[in-house]
Structures are given as C-alpha cells and as structure tokens.
Amino acid sequence: MLKVGVLGAGHLGKIHLRLLNQSEKYELVGFYDENHENGAKIAAEFGYKQFDTIAKLIHAVDVIDIVTPTLSHYKCAKVSIKSGKHVFIEKPIATTVEEAEEIIALAKEYNVKGQVGHVERFNPAFIAVKDQIENPMFIETHRLAEFNPRGTDVPVVLDLMIHDIDAILSVVKSKVKAVHASGVSVLSHSPDIANARIEFENGCVANITSSRISMKNMRKSRFFQKDAYISVDYLDKICEVVKMKEAPEVPGDFDMILQNAEGEKKQIYFNNPDVSPNNAILDELETFADAIVNDTTPIVTLEDGTEALRVAYMIIDSMNEK
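Going by an unreviewed UniProt entry, the protein carries the name Oxidoreductase and comes from Flavobacterium aquatile LMG 4008 = ATCC 11947.

Dropping the structure here:
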C-alpha cells in the first residue's frame, strides 16, 4: 500500500479523504488544510490525522493528493515533486500553461509520476463507448449546472468546460487548428456561460457549451463519425450507439432501412452498451496507484492536463477578444 497525504480538505478534499481511507491500494497517513480550524473539525469528526505543516505531511508519504484551490496547485506540486513524491493534482492542473509545463519538467527531473483529476475519463458511460469512438468529425457537448458559489472564482471554462475539453482531446487524434468562442458574465466577474467551437487539423469540429446558471443539470456529449452516432450522458451514466451498415437484400420485418436519393440503402441499428457502475473518483486515484506500482503511464497524464488547460486558455482568449 502506498502512503498518501491529502493537501486541502474542502468539499472535494473531504471526498478524497474518505475514498483514500477506504482504498486497499493506499494507506491514508493524513492531511493538511490551510484553514487549521476547518482541519481540526474534520480530524475530530472522522479521525484523520491533521498535520500542522505541508512539509511534515510530504515527508511522511509516498504520494501527495493535491485538492487545494487552483491558485496553489503549482506551489504544492513543486514542493512535493522536489521532495521526490508522486503527485495527483485536481483539475485544472495549474493556473497557467507555463506553471503546468514547469510541473511536467520537474516530474521528469525528479523521476516521479503525476496524474490530473479529469474525472469524466473514468465515468462509466464514457468508458463503455470510448473504444467505439473512432475518428469523430463533429462533436457536440452540453455541460449545464445550477448555480453554486463554489468555483465562481474562475471562468466557467476552467470550472466546467475543461472536463469536456479533456474528454474531446482524448478521442480526437489531431492538433487544434482554431478556436472561436463567446461568453457572458451574469452573476460572476468572469463568464458564467460560454460556447466554443474548436476546429482540428483533421477537419473535426467540436461545439462545446457550458453554463453554471442553468435551471437544471445536464452533462451530455454526442460524437458523430462515419456510419455512427454515439451519445454519452455523464450525469445519468447511460450511453447509446447508433450505427449504419449495408442493408440486407431481404430486410426483416423490424429492420429500419433508409434509402438516399441515389437509391443506396442502409440499415440502422441501435446498441445500448452495458455500463458498469463505479466510483469514478476512487477509480482515478486507484489507477494512479497502479501506474506508480507497475511503472506504467497514468491514464490522465500531466501532459494531458496541460493540453486541456492550453485549449481552455485559447477559448478564454477568444472570448476576451470580443
């Protein structure tokens, strides 16, 4: 079991603490929270050991789980890596691309592994269909959330949209060519609603919408590719695959056949892949443990997290131009 310590015991930090405490792959040593009063409450309620300095916690563990506000990710990662510790960093990886690139360089220099907490990669609905997403040419995503003051210190692009940016970059094997975006600030000082159109060099286009002031929650993506349409509902954890193939010469009574203007016939068939229930946060933490123990590449690398941040800032820059 790897010894792990958690930096940050806010809303998400408490979830990480609970799951790491349950995990058979980690030994939870303790945590550090900048708000010592909050930390004392958590230590008293749950029995986790509270450390009074970051340095003491880092010294006592093999892995540091960074669940602090984004502004301190770089500082926490830097001191952890320089102490030779593996780092799990919640998304976004850092405040700037430059900070993220330095984290990558440090991890290589000190020969430690890092993973970024893009949890939708571990969503069971996405896992169920990701191997069927092949060369998509149009992608549409909607991530809408009811208003919550937590997270409004950053633009909705870094708060919500970055989840979809990372998922899209994981299936589109091409470089981003251009980004066009617009956003509106409604309740916050930064955009609360944003729409972005990402064009890739291979011709794929992704249209992404995110809002944190919606009346209902929605997290859906649709992938369109040659002869197939794939939908993923991250919230309800369901997915659907609609495919087309050459129509049989003698269709069955219940076969759905379409014919185009040239007389070509295609058969449409539906597939609802089995979705295996899981705890996505626990899975991302435990696959990181596997990567450390087996010396393999983490599922969401520091480079992946950096590329998602880079594209997020391309979107923010496009909004600012307007």
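Still more to cover.
### Details of the nonpolar core
Y26, I93, I103, V157, I165 and I315 are the most contacted members of the largest nonpolar core, which totals 92 residues. Among the elements that line this core, the one with the most residues is helix α7 (residues 156–171), at 11 residues. Structurally, this core is a two-domain feature, drawing no fewer than three residues from each of domain 1 (2–112) and domain 2 (123–277 + 310–321). Sequence-distant contacts of Y26, defined by excluding residues within four places in its chain, comprise M1, L2, V4, L20, V63, L285, E286, F288 and A289.

### Focus: the packing of α7 against helix α9 (residues 302–321)
As a packed pair, α7 and α9 sit with axes 9 Å apart at the nearest point and diverge in direction by 125°. Of the possible angle classes, the one that applies to α7 and α9 is oblique. Crossing angle aside, the handedness with which α7 passes α9 is right-handed. Residues V157, L158, M161, I162, I165, D166 and L169 of α7 touch α9, and the partners they reach there are D304, E307, A308, L309, V311, A312, Y313, I315, I316 and M319. A breakdown of the residues in the contact of α7 with α9 according to their chemical character gives 14 nonpolar, no polar and 3 charged.

### Observations regarding the UniProt feature "domain: GFO/IDH/MocA-like oxidoreductase" (unreviewed entry) in the protein
As annotated in UniProt, the feature "domain: GFO/IDH/MocA-like oxidoreductase" (unreviewed entry) corresponds to residues 156–216 in the numbering used here. Helix makes up 26% of residues 156–216 and strand 39%, whereas the separation of the span's terminal C-alpha atoms amounts to 16 Å.

### Some words on the environment of T209
Inspection of the secondary structure assignment puts T209 in strand β9 (residues 205–211). Residues T209 and V157, 52 residues apart in the sequence, show an inter-C-alpha distance of 9.3 Å. Every residue in contact with T209, bar those within four places of it in the chain, is listed here: T141, H142, R143, L144, M161, A194 and N195. Reaching out from T209, the side chain makes a polar contact with the side chain of N195 at a distance of 2.9 Å.

### Considerations on the UniProt feature "domain: Gfo/Idh/MocA-like oxidoreductase N-terminal" (unreviewed entry) in the protein
UniProt records the feature "domain: Gfo/Idh/MocA-like oxidoreductase N-terminal" (unreviewed entry) for residues 2–118 in the present numbering. For the annotated span residues 2–118, helix accounts for 44% and strand for 22% of the residues, and the straight-line distance between the end C-alpha atoms is 21 Å.

### Side note on the packing of helix α4 (residues 73–82) against helix α5 (residues 97–109)
Close contact between α4 and α5 brings their axes to 10 Å; oriented N to C, the two are set at 10°. As the angle between them shows, α4 and α5 are arranged roughly parallel. Note on element contacts: α5 touches α4 through E99, E102, I103, L106 and A107, opposite Y74, A77, K78, I81 and K82. Considering only residue class, the contact of α4 with α5 consists of 6 nonpolar, no polar and 4 charged.

### Section: unusual backbone geometry
Across the junction of K91 and P92, the peptide omega takes the value -15°, indicating a cis bond. One non-glycine residue, N111, lies in the positive phi region at around 55°. Position of N111 among the secondary structure elements: in the loop between α5 and β5 (114–117). Positive phi, close to 55°, is recorded for N135, a residue that is not glycine. Counting through the fold element by element, N135 comes out in the loop between α6 (124–129) and β6 (138–144).

### Looking at the domain arrangement of the protein
Taken domain by domain, the protein holds domain 1 (2–112) and domain 2 (123–277 + 310–321). The C-alpha-based centres of domain 1 and domain 2 are spaced at 31 Å. Each partner contributes to the interface: domain 1 provides 7 residues, whereas domain 2 provides 7 residues. Roughly 630 Å² is buried in total at the junction of domain 1 and domain 2, and carbon and sulfur atoms are behind 60% of that figure. Counting every contact that joins domain 1 to domain 2 gives 1 salt bridge. In this structure, E101 engages R310 in a salt bridge whose closest nitrogen and oxygen atoms are separated by 3.3 Å. Linking domain 1 with domain 2 are 3 residue pairs in polar contact (both at pLDDT 80 or more), by the criterion used here. Its residues assigned to classes, the side of domain 1 that touches domain 2 comprises 2 nonpolar, 3 polar and 2 charged.

Calculation criteria
Residues numbered from 1 in each chain as written. Predicted model: local features only at pLDDT ≥ 70, side-chain atom pairs only at ≥ 80, totals over all residues. Heavy atoms only, no water. Core = buried A, V, L, I, M, F, W, Y, C linked by side-chain atoms within 4.5 Å. Buried < 20%, exposed > 50% of the residue type's maximum accessible area, 1.4 Å probe, protein only. Helix = DSSP H or I, 4+ residues; strand = E, 2+ residues; numbered from the N terminus. Domains from an automatic or database assignment. Contact = heavy atoms within 4.5 Å. Axes fitted to C-alpha atoms, helices over the stretch in contact; angles between N-to-C directions. Parallel < 35°, antiparallel > 145°, perpendicular 65-115°, else oblique. Left-handed = near helix turned anticlockwise from the far one by under 90°. Nonpolar A, V, L, I, M, F, W, Y, C, P; charged D, E, K, R; others polar. UniProt positions renumbered as here; feature names shortened; annotations may be inferred. Polar contact = N/O pair within 3.5 Å; in protein donor to acceptor, adjacent residues only side chain to side chain. Buried area = accessible area lost by both parts, 1.4 Å probe. Salt bridge = Lys/Arg side-chain N within 4 Å of Asp/Glu carboxyl O.

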